[in-house]
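Here are the chains, one letter per residue:
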Amino acid sequence: MKKIVAVWIATVLGVVADAQVVAPIRDAYGRTVILHGLNTAGGAKNSPGHQPWIQEKDVEREHRDLGWNAVRYLVFWGAIEPKKDSFDEAYLAKVRERVKWYTDRGMYVIIDMHQDVYGYGVGDNGAPEWAATYTRIKNLIPDKWPWWMQNMEPKVIHSFVTFWKYKKRKELQDHYIRSWLRVVDLLRDDPYVIGYDLMNEPHGGKVIKTLAGGFERQWLTAMYKRLIPAIRREDTMRYIFFEPRSFGTNFGMPSHLPKVNDTIVHKMVYAPHCYMKFVDIGGDYKPKDKKSLAKWFRRRDRETQMQQSSLLLGEFGLSSQKKDFDKYTQDILAGMDQRQASWTYWSGDPGGWGPLNRDLTPSPMMWQLLRVFPTAVAGQLVSFHFDPAAKIFEMEYISDDSIKAPTLISVPRLSMGDTYHWTVSGAEHYIASRDAANNNLQIMVSDPHARIRVTIRP
Ligand code: IDC
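Residues numbered from 1 in each chain as written. Predicted model: local features only at pLDDT ≥ 70, side-chain atom pairs only at ≥ 80, totals over all residues. Heavy atoms only, no water.

Some thoughts on the site of the ligand
Around the ligand sit 13 residues in total, of which Lys 45, His 114, Asp 116, Glu 201 and Glu 315 are the nearest. Interatomic distance of 2.6 Å between a side-chain N/O atom of Lys 45 and an oxygen atom of the ligand. The contact in question runs from an oxygen atom of the ligand to an N or O atom on the side chain of His 114, over 2.9 Å. The fraction of the free accessible surface of the ligand (510 Å²) that becomes covered by protein chains is 76%. Residues of the shell around the ligand, tallied by class, amount to 4 nonpolar, 4 polar and 5 charged. (Near = heavy atom within 4 Å. Polar contact = N/O pair within 3.5 Å; in protein donor to acceptor, adjacent residues only side chain to side chain. Areas by Shrake-Rupley, 256 points an atom, 1.4 Å probe, with all protein chains shown as cover. Nonpolar A, V, L, I, M, F, W, Y, C, P; charged D, E, K, R; others polar.)

Next up, the structure:
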């Protein structure tokens, strides 16, 4: 009862108390896992073969120099099943190979079934051409408008509505689900594939239905109720990452998505996106945007509590040309740490908003994204914090000696160098050591239930 009241108070006030994460992501040892990494990659949407720009050495850099432990890896229904009823095995083999570049290094992979503007036949990317309807209707939206305005094209709306309505064209969702199951089958033997992001930025087509809530309450929920049990029949190990509608929630409106239920196990991660209006529409980071961001956080806190899951910010990003882009990025990332939440930056593509310039040297954004953070905590994580200016990391956790693996803290070499200092207090018996090859500080505590404090500084 006390716990319910505490959750209720926290929800009403929109505050996040210490150690309130309802269901943290855990690894096979039972350690609490925090994920930091990139989306890879936007360029795959419309490139020949639909593969991201990366080579294995680029993944090695992420692991070795940047200290990231995760990637949100984009795949596309239209690339998996370009012809109805036949999977593109060559595409899938390349996905398998690239996913392995990450997982061979112990990096976690979240598979994101991406779409923007429904799909290939009518919009940008996602659904196969054969799954689009109304394709011959003339374009009304000028190309020079922001890309997401293309969601207003009549053929896009028609295609979305046909997909979601299910009744008349059941085969569309059935094929979407079967394509997911092919991906599950492809990756099922790889323990570092940590989960499946069911659909990127679901959009209902009809704007009123989408904003008023009918889309999330009826159509999206019904699709999740078909897809989640289908995945669970094949795989109970992975996390299910699920998103609310994107339109409006991205910049801070509430979602109408009811509680999404897992079946057999409960391994769910709420995975919304954050794009404040100034990022998309123009302008710099101003006090009113700071307020909108606070609102975005409050709403996501409520929804995460209601969904009884942990939180991944699957996408956020902006141009480092904007004034105070660094303050904005730090406000987001500090908010994530405070909530013990995970994030993947949009995106890893070189140039543009990315942390790498086109010549693969670090861009101004890189320095904002490198943080010391706990990748695996053997016990109950109480709090962690990183001060990017002073580069000081602090963390508190309660040890649990039944977990037979060390606590790992990622210390990115590019920002922290090889000779940082650390302190561990609160434990009678512990061993701490630097694992240079993996950019980690490892701490093995043998006290059964001690409150441990760790600090790391240059
Ligand atoms: C953007 C890409 C851009 C591309 C556009 C449409 O950065 O180059 O033209 O998609 O394909 C999202 C989407 C994500 C977007 C991203 C940034 O999930 O695919 O990438 N964004 O606009 N939602 C809000 C923003």
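So, empty space enclosed by the protein
Inspection of every chain in the model, using the stated rule, returns 5 cavities of 30 Å³ or more. Computed from the structure, the second largest cavity encloses a volume of approximately 100 Å³. Trp 77, Met 113, His 114, Gln 115, Tyr 118, Gly 126, Ala 127, Phe 160, Phe 163, Trp 164, Tyr 176 and Met 199 together form the lining of the second largest cavity. Taken together, the residues that form the lining of the second largest cavity break down as 9 nonpolar, 3 polar and no charged. (1 Å grid on protein atoms, 1.4 Å probe; cavity = no way out; pocket = protein on both sides within 12 Å on 5 of 7 lines; lining within 4 Å. Points joined across faces, edges and corners; volume = space filled by probe spheres on them.)

Regarding the confidence of the model for the protein
Chain-level pLDDT for the protein is 95 on average; 96% of the residues reach the 70-or-more range. Taken together, the stretch residues 1-19 has pLDDT below 50 and engages in 18 contacts with residues farther than four places along the chain or on a different chain. (pLDDT = per-residue confidence, 0-100. Contact = heavy atoms within 4.5 Å.)

Section: the pairing of strand β7 (residues 310-313)
On a regular strand, one side chain projects to one face of the sheet and the next to the other, so that they alternate. On β7, burial covers both faces: Ser 310 and Leu 312 on one face and Leu 311 and Leu 313 on the other are all buried. Bridge count for β7 against strand β8 (residues 342-345) is 2 bridges, and the pairing is parallel. Within the sheet, the bridge partner assigned to Leu 312 lies in β8 and is Ser 342. (Buried < 20%, exposed > 50% of the residue type's maximum accessible area, 1.4 Å probe, protein only. Helix = DSSP H or I, 4+ residues; strand = E, 2+ residues; numbered from the N terminus. Pairing = 2+ DSSP bridges.)

Notes on the packing of helix α10 (residues 287-307) against helix α11 (residues 325-338)
Orientation of α10 relative to α11, taken along the N-to-C sense of each, is 20°, at an axis distance of 11 Å. Relative to α11, the element α10 is oriented roughly parallel. Once α10 is placed against α11, the crossing between them reads as right-handed. In this structure, α10 contributes Lys 290, Leu 293, Trp 296 and Phe 297 to the contact, and α11 contributes Tyr 328, Asp 331, Ile 332, Gly 335 and Met 336. (Axes fitted to C-alpha atoms, helices over the stretch in contact; angles between N-to-C directions. Parallel < 35°, antiparallel > 145°, perpendicular 65-115°, else oblique. Left-handed = near helix turned anticlockwise from the far one by under 90°.)

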